[in-house]
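# A look at the structure
Below, each chain spelled out in residue letters.
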Amino acid sequence: MGQFNIFIIRAILGAVFAVVLSRFFYPDAKVAYVIGIGIILVGLAYLAEYLRNRKNK
């Protein structure tokens, strides 16, 4: 699976979890806030991958 496909999967999952989390904890959150949560979640996924790969080397 290519890097672009992995990015698309992470972006979709990040968006879904951002919507679920924001609606659960902040039902009246604005769209920009939800997008920000999604970006943070995708960034954290890449950070976790970087840290996991760094330990293996």
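Everything in this summary refers to the structure shown in the same document. On a predicted model such as this, the values are computed, not experimentally measured, just so you know.

## Comments concerning the overall build of the chain
Scanning the chain for helices and strands turns up 2 helices and 0 strands. Compactness check: the chain gives a C-alpha radius of gyration of 13 Å against a globular reference of 10 Å for 57 residues, more than 25% above the reference. By its C-alpha atoms, the chain is 45 × 20 × 15 Å across when sized along the principal axes. In the chain, buried positions account for 16% of the 57 residues. Summed over all atoms, the accessible surface of the chain reaches about 4700 Å², with 72% contributed by carbon and sulfur.

## Looking at a nonpolar patch on the surface
A surface patch of nonpolar side chains, about 1000 Å² in accessible area, is lined by Met-1, Ile-9, Leu-13, Phe-17, Leu-21, Phe-24, Phe-25, Tyr-26 and Tyr-33. Along the polypeptide, Ile-9 turns up in helix H1 (residues 3-25).

How each quantity is defined
- Residues take numbers from 1 onward in each chain, read along the sequence in its written order.
- Under the rules for a predicted model, residues below a pLDDT of 70 receive no local features and side-chain atom pairs below 80 are neither given nor counted, while totals for whole chains, interfaces and linings still include all residues.
- The basis for every side-chain value is the complete set of non-hydrogen atoms in the structure, without hydrogens or water.
- Elements are defined by DSSP. Helices are runs of H or I of four residues or more, strands are runs of E of two residues or more, and each kind is numbered from the N terminus.
- Computation of the radius of gyration draws on C-alpha atoms, with the globule rule given as 2.2 Å multiplied by the number of residues to the power 0.38.
- For each residue, the accessible area found with a 1.4 Å probe, counting protein chains only, is set against the maximum for its type, and the residue is called buried under 20%, exposed over 50%, and partly exposed in between.
- Here the Shrake-Rupley method, with its probe set to 1.4 Å, supplies the accessible areas, and only the displayed protein chains count as covering residues.
- Here the term patch refers to residues with relative accessible area over 30% and no salt bridge, with like charges joined within 9 Å and nonpolar side chains (Val, Leu, Ile, Met, Phe, Trp, Tyr) within 5 Å.
- Salt bridges are defined as contacts in which a side-chain nitrogen from Lys or Arg sits within 4 Å of a carboxyl oxygen from Asp or Glu.

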